Amino acid sequence: MGVSIYEQEKLLEERRQQLLNRYKRIEMEAYKWEAGLISAQRLAEIVFGLINEEAQR
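Conventions and cut-offs
- Residues numbered from 1 in each chain as written.
- Predicted model: local features only at pLDDT ≥ 70, side-chain atom pairs only at ≥ 80, totals over all residues.
- Heavy atoms only, no water.
- Salt bridge = Lys/Arg side-chain N within 4 Å of Asp/Glu carboxyl O.
- Helix = DSSP H or I, 4+ residues; strand = E, 2+ residues; numbered from the N terminus.
- Buried < 20%, exposed > 50% of the residue type's maximum accessible area, 1.4 Å probe, protein only.

1. Brief notes about the pattern of salt bridges
Then, number 1: Tallied over the entire structure, the rule returns five salt bridges.
Then, number 2: Salt-bridge contacts for Glu53 lead to Arg22; the nearest nitrogen and oxygen are separated by 3.3 Å. Of this pair, Glu53 sits in helix H2 (residues 40-55) while Arg22 sits in helix H1 (residues 5-34), and the two are 31 residues apart along the sequence.
Then, number 3: Owing to a relative accessible area of 43%, Glu53 belongs among the partly exposed residues under this scheme.
Then, number 4: Classification of Arg22 as buried rests on a relative accessible area of 16%.
Then, number 5: A salt bridge links Lys32 to Glu29, with the shortest nitrogen-to-oxygen separation between them at 3.6 Å. Of the two residues, Lys32 and Glu29 are both situated in helix H1; the distance of three residues between them amounts to about one turn of the helix.
Then, number 6: The partly exposed category is assigned to Lys32, whose relative accessible area is 30%.
Then, number 7: Overlapping salt bridges bring together Arg25, Glu29 and Lys32 as one network.

Here's what the structure looks like:
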C-alpha cells in the first residue's frame, strides 16, 4: 500500500519548512556580513555548507 495523501502533504510541508529555515539562515548571515560582523569568506563557507547539505539529501 502506498503513502496516504495526508502523509505526502505532511512530508511536503516539512520539506518546505526546512528550505525556508535555510533561506532565513542565509539571509541572517548576509545581514551579519553587511554589518561587518562576519567576513565574506565566512559567509561563503556558510552558504556553501548549506548547499552541500542539500546536495547530500
